[in-house]
Amino acid sequence: MSFEALGLSSEVLKAVLEEGYETPTPIQQKAIPLVLTGKDVMASAQTGTGKTAGFTLPLLQKLSQTPRRSQGGGRKGSPPVRALILTPTRELAAQIAESVATYGKYLKFRSAVVFGGVSINPQISQLRKGVDILIATPGRLLDHAGQGTVDLSQLEVLVLDEADRMLDMGFIHDVKRVLALLPETEERQNLLFSATFSREIKQLAQRMLNDPQLVEVAPQNATADRIEQQVYRVDKARKRELLSKLIHDEQWQQVLVFTRTKHGANRLAEQLERDGLSAAAIHGNKSQGARTRALAGFKEGQIRVLVATDIAARGLDIDQLPNVVNFELPNVPEDYVHRIGRTARAGMSGKAVSLVCIDEDKLLRDIERLINRELPRVQIDGFEPDPSIKAEPIRQGRQGGGRNQRSGQGAGQGSGQGRGRGAQGRSGNSRSGATNAQPSGAQAANRSRRSRSRASSGRPA
Ligand code: AMP
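Residues numbered from 1 in each chain as written. Predicted model: local features only at pLDDT ≥ 70, side-chain atom pairs only at ≥ 80, totals over all residues.

**Structural notes on the overall build of the chain**
The helix and strand inventory of the chain stands at 16 helices and 14 strands. Going through the 461 residues of the chain one by one, you find that 50% of them count as buried. Nonlocal contacts in the chain, meaning residues at least 24 apart in sequence, comprise 79% of its contacts between residues at least 6 apart. (Helix = DSSP H or I, 4+ residues; strand = E, 2+ residues; numbered from the N terminus. Buried ≥ 20, exposed ≤ 12 C-beta atoms within 10 Å, placed from the backbone. Contact = placed C-beta atoms within 7 Å.)

**Looking at helix H11 (residues 262-274)**
Taking 1.5 Å per residue as the helical rise, H11 with its 13 residues ought to reach 18 Å, and the 19 Å between its terminal C-alpha atoms agrees with that figure. Tucked into the core, H11 has its buried residues touching helix H10 (239-249), strand E9 (255-258), strand E10 (279-282) and strand E11 (305-308). (Expected span 1.5 Å × (residues − 1).)

**Some thoughts on the nonpolar core**
By size, the foremost hydrophobic cluster in this structure holds 114 residues, and its most contacted members are Leu84, Ile135, Leu306 and Val307. Among the elements that line this core, the one with the most residues is helix H4 (residues 90-103), at eight residues. Domain assignment of the residues forming this core places at least three in each of domain 1 (4-220 + 407-451) and domain 2 (227-378). (Core = buried A, V, L, I, M, F, W, Y, C linked by C-beta atoms within 7 Å. Domains from an automatic or database assignment.)

**Regarding the pairing of strand E3 (residues 111-114)**
Along any regular strand, the residues point their side chains to alternate faces of the sheet. Of the two faces of E3, the one lined by Ser111 and Val113 and the one lined by Ala112 and Val114 are each fully buried. A crossover links E3 with its parallel partner strand E4 (residues 133-136), the connecting element being helix H5 (residues 121-129), and its sense is right-handed. (Right-handed = clockwise from strand over helix to strand, strands pointing away.)

**Topic: the sheet that holds strand E13 (residues 350-356)**
A sheet is described by the order of its strands in space; here seven strands give the open sequence E10-E11-E9-E12-E13-E8-E14, paired in parallel fashion. The open sheet terminates on both sides in strands that have one partner only, identified here as E10 and strand E14 (377-378). With seven bridges joining them, strand E8 (residues 227-233) and E13 adopt parallel strand pairing. Directly across from isoleucine 227, in E13, lies its bridge partner glycine 350. With respect to the sheet, H10 is in contact with E8, E9, E11, strand E12 (323-326) and E13, its orientation differing from that of E13 by roughly 155°. Where helix H12 (residues 288-300) meets the sheet, it contacts E10 and E11, and its direction lies at approximately 135° from that of E10. (Pairing = 2+ DSSP bridges. Axes fitted to C-alpha atoms, helices over the stretch in contact; angles between N-to-C directions.)

**So, the packing of helix H6 (residues 138-147) against helix H8 (residues 172-179)**
Direction vectors running N to C along H6 and H8 enclose 40°, while the axes themselves pass 9 Å from each other. In terms of orientation, H6 lies oblique with respect to H8. When you trace H6 past H8, the crossing you get is left-handed. Between H6 and H8, the contacting residues are Pro138, Gly139, Leu141 and Leu142 on the first element and Asp174, Val175, Arg177 and Val178 on the second. Residue composition of the contact of H6 with H8, by class: five nonpolar, one polar and two charged. (Parallel < 35°, antiparallel > 145°, perpendicular 65-115°, else oblique. Left-handed = near helix turned anticlockwise from the far one by under 90°. Nonpolar A, V, L, I, M, F, W, Y, C, P; charged D, E, K, R; others polar.)

**A few points about the packing of helix H14 (residues 333-340) against helix H15 (residues 361-371)**
Running from amino to carboxyl end, H14 crosses H15 at an angle of 70°, the nearest separation of the two axes being 8 Å. Classed by the angle they form, the pair H14 and H15 counts as roughly perpendicular. On the side of H14, the interface is formed by Pro333, Glu334, Tyr336 and Val337, while H15 contributes Asp366, Ile367, Leu370 and Ile371.

Here's what the structure looks like:
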């Protein structure tokens, strides 16, 4: 199937072709025609499946083809927003905003992105000018609503992205507060994307969707076939040594490593640096600026190892990431699927390695039960586990990366805790193909990522 067959307009098609996409991914094939009909959609799609374009392309087309419902200025002079894309993390918000600007470069619209951790004032100025598509994290959006600087009363389309993670991060009440600011469910089109459909997600769907069409592309909780997965048995105290050895011996150039806690991420990054590997940690306690810099350095190849907690890594869009390492297994088996989904994206293959000590046996069993297969074990000579070591309960760091905590990425999105300036405003305003004012280093990094991925996949630059 081609993109042309999906009913997309020439402006949207042109932008897609320029990105080098040749065929729509399965989620795009199913979701795009449905969204164009105006129906509500509930889609299960993991990150890396191309879901962002799955909702962005038809959304852009629909907005460009239908006149605004209301022309009048909203409260405090901010014209009403037409479409809202709600996401759990700042990184994801910035990345979606960038996709909106890219896919919509031949259309006439304004977009803006709002999230916490950066000054609210530039966001207010942008909203005052009028925004058709707003990408937001829930906390900061509610701050704007509280100050009357955003008007959602005429909203035409709502997209809730990564809904499962939104709930995991404790944003359910914020999401409900946002829903209360919108027109009635029947008066807007609603799209919900989630990697899994838990009971809570279904309850949320009942509240926010109107007779939704169900779209499922991959069997739930199945790990991508293209990912080569291995388990290395090793004692806890020797994990760092084994990791350094693997990176050196296997010559991994770009490795995303997961730890369970923020403290663990910092410590591991420092130790790897001492082993002579360029490494950086990325987690919710880092300023937005520090996170943006670390991510940009990683994408450009200056940082070889990025150590991340689950929450911080969620939504990172890194093309062709070859290696993911679970330095510690996640407490929740579903997070294993999310983690390894960072590799083998968009048709590429990848490798996911887990370093497992005796304390983690139960976690490993839970993961294998979830993905319904036994992971191959690898034993490296000299790293055999010491049989005299007994399993101990897994201790959580003070701000352990477990679920249902607001201490991670999302915390602080709400109230503009004044930390470093980061990717704020990255999508800028996009109007009739005018170049976006996208100043940050992350932008440049992204451009370089895109061109790298094109170069290596033979796409036109
Ligand atoms: P997503 O799941 O939306 O995070 O997308 C994952 C990656 O796939 C992004 O880097 C997109 O640029 C890329 N992508 C999306 N759609 C396509 C397509 N049809 N062909 C090739 N790459 C795509």
